[in-house]
Amino acid sequence: MSMTLTIQKCPNATLLENAFRAATRPINWLVITHNDPQLLHALKSGMKDESAAFLTVSQESWDFEDPEFAEAIDRGLHQADIQQLLLVGGPRAVPSFDHSVQPETAQEATTGYTKLLAGAKLVNMRDRESREWLAQQTKMLLRVPAVHTRWSNGKLDVTGLYHRSESGLFLAYDVNRDRYHALTS
């Protein structure tokens, strides 16, 4: 059983609370995810047998310092038997990244090979910045009081997942080691 909640802005976080109240069985997973259709499909396919609530919020709207949103997560963790908390994003829609800026080599490249190399460098730079942003968001989620308490007591696993849409690969961010590793089946 899984349920999907679509929230455009954090003030609508009451939908999260209502989902926990309406659940017919314990919800073990809370998945806060970017609202990319390809990403949602991959997640739901991989978690089809799990009892999960999917909170789809555009990455631009993630604000774990918003007291109302943090309080909704807090109450949800107390109301449900959440054991796994996933924060899932990807390279798209990272608010702090200016996609119009390109490395000098990309702008100055004149030959086919140098253009290809410059393009690869740009993709790698964007990917790295996106992963760093998701790691930062995962750390901010850990500052929500109920999340931090349950996580530090070993009662809640918190993971940031980075989805590479071009390959379908998920990278898991390990907060304790401050690094990513590929998820394999």
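The rules we used
Residue numbers restart at each chain and count upward from 1, following the sequence in its written direction. A pLDDT threshold of at least 70 governs which residues receive local features in this predicted model, and a stricter bar of 80 or more applies before side-chain atom pairs are shown or counted, although totals over entire chains, interfaces and linings include all residues. Neither water nor hydrogens contribute to the side-chain values; these are computed over all heavy atoms in the structure. A pocket here means an open set of points on a 1 Å grid, computed over the protein atoms alone, that has protein on both sides within 12 Å along at least five of seven lines. A cavity is instead a set of points where a 1.4 Å probe fits but cannot get out; residues with an atom within 4 Å of a point line either one. Grid points are joined across faces, edges and corners, and a volume is the space filled by probe spheres set on the points. Three residue categories are used. Nonpolar comprises Ala, Val, Leu, Ile, Met, Phe, Trp, Tyr, Cys and Pro, charged comprises Asp, Glu, Lys and Arg, and polar comprises the others, including Gly. Each helix corresponds to a stretch of at least 4 residues labelled H or I by DSSP, and each strand to a stretch of at least 2 residues labelled E; elements are numbered beginning at the N terminus. Only protein chains enter the accessibility calculation, which uses a 1.4 Å probe. A residue is then buried if its area is under 20% of the maximum for its type, exposed if over 50%, and partly exposed in between. Centres within 6.5 Å make a pair out of two Phe, Tyr or Trp rings, where for Trp the six-membered ring is used; the pair is then stacked when the planes are under 30 degrees apart, edge-to-face when over 60, and tilted otherwise. A positively charged side chain is recorded as over a ring if its NZ (Lys) or CZ (Arg) lies within 6 Å of the ring centre. The angle to the ring normal must also be within 35 degrees.

Trainee: Tell me about the layout of surface pockets, residues and numbers included.
Mentor: One way to see where empty space is left: roll a probe the size of a water molecule over the atoms. Quantified by volume, the largest pocket comes out at close to 310 Å³. The wall of the largest pocket is formed by 15 residues, among which Trp 29, Met 47, Leu 86, Leu 161 and Leu 183 lie closest to the centre. Its residues assigned to classes, the lining of the largest pocket comprises ten nonpolar, four polar and one charged. Of the volumes computed, that of the second largest pocket is approximately 160 Å³. Breaking the lining of the second largest pocket down by element, the ones donating at least two residues are strand E5 (157–164) and strand E6 (169–174).

Trainee: Lay out the environment of Ser 130 in plain terms, naming residues and giving numbers.
Mentor: Looking at the element boundaries, Ser 130 is found in helix H5 (residues 112–141). Since its relative accessible area comes to 2%, Ser 130 is described here as buried. In this structure, the C-alpha to C-alpha distance between Ser 130 and Pro 91, residues 39 residues apart in sequence, is 5.3 Å.

Trainee: Describe the packing of aromatic side chains, with residues and values.
Mentor: For any pair of aromatic rings, geometry is given as the distance between the ring centres together with the angle between the planes. The final tally for this structure, using the stated rule, is four aromatic pairs. With a centroid separation of 6.3 Å and 40 degrees between ring planes, the pair formed by Trp 62 and Phe 64 is classed as tilted. Residue class for Phe 64 comes out buried when judged on its relative accessible area of 4%. Taken together, a centroid distance of 6.3 Å and an interplanar angle of 65 degrees make the contact between Tyr 162 and Tyr 180 edge-to-face. Of this pair, Tyr 162 sits in strand E5 while Tyr 180 sits in strand E7 (residues 179–182), placing them 18 residues apart in sequence. Judged on exposure class, the residue Tyr 162 and its partner Tyr 180 are both buried. Every member of this aromatic cluster is reached through a ring pair, and the members are Trp 62, Phe 64 and Trp 133. A cation sits over an aromatic face here: Lys 44 above Phe 54, 5.6 Å from the ring centre.

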